[in-house]
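Observations on chain architecture
Here are the chains, one letter per residue:
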Amino acid sequence: MWRRLAGLLLAFAAATAALWLLSARLSAGQARRPLRFPSDLEELRELAEALRDYERQHRGAALALFCAAYLYKQSFAIPGSSLLNVLAGALFGPWTGLVLCSALTSVGATFCYLLSGAFGKQFVVYYFPDKVALLQRKVLHHIISSVCRQEPFYHKSPLWMPFSPGTRCSNCLRWLWQH
């Protein structure tokens, strides 16, 4: 079990190092201030202004950094992706930003799902066996009652949402079915 925790920490450290190296390369070209994730709209506005000129000159590097940062936040379920959605619109235009964020949200949620299955399942089942069993019974009861009434399984809708509750719901459902 501790190997899995070490694997998760290693994956997080490797992703953090890769993102830092990409941002250090971008910062070297900028020389204004170090890059960091925005925490409010004012910081977002400053970051968008700083990156706009760089993006025009080095579109590929700016796109790679944005994709890496977005996937980092989505893969490790770090809050704040909504500000990156706005930043994508400011940097790449509204339609390109929409398509880019939609694709990155899907890929990032998939990575989060895979990480939770590979590294988180054993911890949850070990430390919360009663809660897992309760959730399994509730989900199974709902599926059986939906099938008997010939209704669609309406709990799939949270799985389609790119936000944290949908991600957490899909991760929990994965643990419930494989236990």
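Cut-offs applied
Residues numbered from 1 in each chain as written. Predicted model: local features only at pLDDT ≥ 70, side-chain atom pairs only at ≥ 80, totals over all residues. Heavy atoms only, no water. Helix = DSSP H or I, 4+ residues; strand = E, 2+ residues; numbered from the N terminus. Buried < 20%, exposed > 50% of the residue type's maximum accessible area, 1.4 Å probe, protein only. Contact = heavy atoms within 4.5 Å. Areas by Shrake-Rupley, 256 points an atom, 1.4 Å probe, with all protein chains shown as cover. Core = buried A, V, L, I, M, F, W, Y, C linked by side-chain atoms within 4.5 Å. Salt bridge = Lys/Arg side-chain N within 4 Å of Asp/Glu carboxyl O. Phe/Tyr/Trp six-rings, centres within 6.5 Å; stacked < 30°, edge-to-face > 60°. Lys NZ or Arg CZ within 6 Å of the ring centre and 35° of its normal. Axes fitted to C-alpha atoms, helices over the stretch in contact; angles between N-to-C directions. Parallel < 35°, antiparallel > 145°, perpendicular 65-115°, else oblique. Left-handed = near helix turned anticlockwise from the far one by under 90°. Nonpolar A, V, L, I, M, F, W, Y, C, P; charged D, E, K, R; others polar.

1. Observations regarding the overall build of the protein chain
Helix and strand counts for the protein chain come out as eight helices and zero strands. Listing every helix and strand of the protein chain by position from the N terminus yields α-α-α-α-α-α-α-α. Of all 179 residues assigned to the protein chain, the portion counted as buried reaches 35%. At a minimum sequence separation of 6, the contacts of the protein chain that also span at least 24 residues come to 66%. Counting every atom, the protein chain has about 11200 Å² of accessible surface; 66% of that belongs to carbon and sulfur.

2. Quick word on the nonpolar core
Ranked by internal contacts, the top residues of the largest apolar core, which has 16 residues, are Phe66, Tyr70, Leu87, Phe92, Leu100 and Leu104. Looking at this core, the elements that each hand over two or more residues are α2 (41-57), α3 (59-75), α4 (81-92) and α5 (94-127). Residues in contact with phenylalanine 92, not counting those within four places in the same chain, are Glu55, Arg59, Ala62, Leu63, Phe66, Gly97 and Leu100.

3. Thoughts on the pattern of salt bridges
Applying the stated criterion across every chain yields a total of one salt bridge. We note a salt bridge from arginine 45 to glutamate 42, for which the minimum N-O separation is 3.0 Å. Here arginine 45 and its partner glutamate 42 are both found in helix α2, three residues apart, which amounts to about one turn of the helix. According to the relative accessible area criterion, arginine 45 is partly exposed, its value standing at 47%.

4. Regarding the packing of aromatic side chains
As enumerated under the stated definition, the model contains eight aromatic pairs in all. On the basis of an interplanar angle of 70° and a centroid distance of 5.6 Å, the ring pair of phenylalanine 66 and phenylalanine 92 is categorised as edge-to-face. Of this pair, phenylalanine 66 sits in helix α3 while phenylalanine 92 sits in helix α4, and the two are 26 residues apart along the sequence. Site record: aromatic cluster; members linked through ring pairs are Phe12, Phe37, Tyr72 and Phe76. Sitting over the face of the ring of phenylalanine 37, lysine 73 holds its NZ or CZ atom 4.4 Å from the ring centroid.

5. Quick notes on the packing of α3 against α5
Orientation of α3 relative to α5, taken along the N-to-C sense of each, is 40°, at an axis distance of 8 Å. Between α3 and α5, the interaxial angle falls into the category oblique. Viewed along their axes, α3 and α5 form a crossing whose handedness is right-handed. Between α3 and α5, the residues in contact are Arg59, Leu63, Phe66, Cys67, Tyr70, Leu71, Gln74 and Ser75 and Thr96, Leu100, Cys101, Leu104, Thr105, Val107, Gly108, Ala109, Phe111, Cys112 and Leu115, respectively. Among the residues making up the contact of α3 with α5, the classes are represented as 13 nonpolar, five polar and one charged.

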